[in-house]
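Each chain is listed here by its residues.
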Amino acid sequence: MQLTPVAVLRSPFKQKFAIPRQPGLAPAALSTIEFYAEFNDANSLRGIGQFSHLWLIFVFHENADKGWSPLVRPPRLGGNQKMGVFATRSTFRPNPIGMSVVELVDWQHKNGVLTITVKGADLLDGTPILDIKPYIPYSDAHPDASGGFASDAPQPLLSVTFSQQAQAQLQTTSKKYASIQALIEQVLAQDPRPAYKKSQGEIQEYGMTLYDLNIRWRCSENQAEVIGISQIAE
Ligand code: SAM
């Protein structure tokens, strides 16, 4: 069996660190799905605009050659307990395939290129998309489902503030990326720190890349303070 990606996803997330661990947690993250020439046929999207959400089936391409193990340590359990790979959303799987529900914003066939814009994807820029399917609430939504160790309640959010310098830098960068403040807040509120760092209790500095911006922040127990937003030199 050989699967051929139909499209590539372009997202603000240029590295794995700090990408939300599930879709929908950073709705300010807008991503574009660009179809490859072979699948660049608007007929294949007829009717899609009637759906509010889509399933994306994709390849964890950054981990594709990194192997897998039957037991993994879910971040939700602080990295201390092992669970079976098929009981988790680990990115290290026998077949490195992921699935995310995202909100459909728009689709276009402009200048001969077919694209779909979606909100809230938890995916790295450049992720190969294997398939796209409509989310069907009457069958896909299970309000009474049990979330197991992933817990029914979302994790507590960090409060996010901006230093004076970061606020000034935000003014400039917002001209290019209108939702950058919301995106930074939503991403950092999820507390991307590795579990072992959280337990160390001291203030630590971190960095991430969103679009072509380097974002630096300082983290204490319940708070993230953004201390710098700078353009990455080309
Ligand atoms: N919702 C999907 C699922 O359940 O299959 C993904 C869940 S997975 C835990 C989400 C994480 O995958 C992100 O936080 C990011 O670190 C990682 N990730 C996203 N895109 C990736 C890619 N193309 N290759 C490898 N890792 C990726």
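Everything numeric in this text was worked out from a predicted model, so none of it was measured.

Novice: I'd like a rundown of helix H2 (residues 164-176), residues and numbers included.
Specialist: The largest bend in H2 is about 30 degrees, located at Leu170. Within H2, the full set of buried residues consists of Ala166, Leu170 and Thr173. Looking at the packing, one finds that the buried side of H2 touches strand S9 (159-162), helix H3 (180-189), strand S11 (213-219) and strand S12 (223-231).

Novice: Quick rundown of the pattern of salt bridges? Include the residues and the values.
Specialist: With the rule as written, the count across this model stands at 6 salt bridges. Between Glu205 and Arg218 there is a salt bridge whose closest N-O contact spans 4.0 Å. Highlighted residues: Glu205 in strand S10 (residues 204-210) and Arg218 in strand S11, separated in sequence by 13 residues. By relative accessible area, which is 34% here, Arg218 ends up partly exposed. Here Glu225 ties to Arg218 by a salt bridge, and the two come within 3.2 Å at their closest N and O atoms. Classification of Glu225 by relative accessible area gives partly exposed; the value is 25%. Several salt bridges share partner residues, and in doing so they unite Arg10, Lys14 and Asp125 into one network.

Novice: Go over the sheet that holds strand S1 (residues 7-10) with me, naming the residues and quoting the values.
Specialist: In space, the 6 strands of this closed barrel follow the order S1-S2-S7-S6-S3-S8, with antiparallel pairing throughout. This sheet shows a mean twist of 45 degrees between the axes of neighbouring strands, independent of strand direction. In this sheet, strand S6 (residues 97-110) lies alongside strand S3 (residues 53-59) in antiparallel orientation, the contact comprising 7 bridges. Along S6, the bridge assignment pairs Phe58 with Gly98.

Novice: Give me the lowdown on the packing of aromatic side chains, citing residues and values where you can.
Specialist: Here the structure, examined in full by the defined rule, presents 6 aromatic pairs. Judged by centre distance (6.3 Å) and plane angle (35 degrees), the ring pair of Phe17 and Tyr206 falls under tilted. Taken together, the residues span a long stretch of sequence, with Phe17 in the loop between S1 and strand S2 (30-35) and Tyr206 in strand S10 at a distance of 189 residues. Here Trp55 and Tyr135 contribute two aromatic rings whose centre-to-centre distance is 6.1 Å and whose plane-to-plane angle is 45 degrees, an arrangement assigned as tilted. Note that Trp55 is positioned in strand S3 and Tyr135 in the loop between strand S8 (127-134) and helix H1 (137-140), a separation of 80 residues in sequence.

Criteria and cut-off values
Residues numbered from 1 in each chain as written. Predicted model: local features only at pLDDT ≥ 70, side-chain atom pairs only at ≥ 80, totals over all residues. Heavy atoms only, no water. Bend = angle between axes of the 7 residues up to and from the residue. Helix = DSSP H or I, 4+ residues; strand = E, 2+ residues; numbered from the N terminus. Buried < 20%, exposed > 50% of the residue type's maximum accessible area, 1.4 Å probe, protein only. Contact = heavy atoms within 4.5 Å. Salt bridge = Lys/Arg side-chain N within 4 Å of Asp/Glu carboxyl O. Pairing = 2+ DSSP bridges. Axes fitted to C-alpha atoms, helices over the stretch in contact; angles between N-to-C directions. Phe/Tyr/Trp six-rings, centres within 6.5 Å; stacked < 30°, edge-to-face > 60°.

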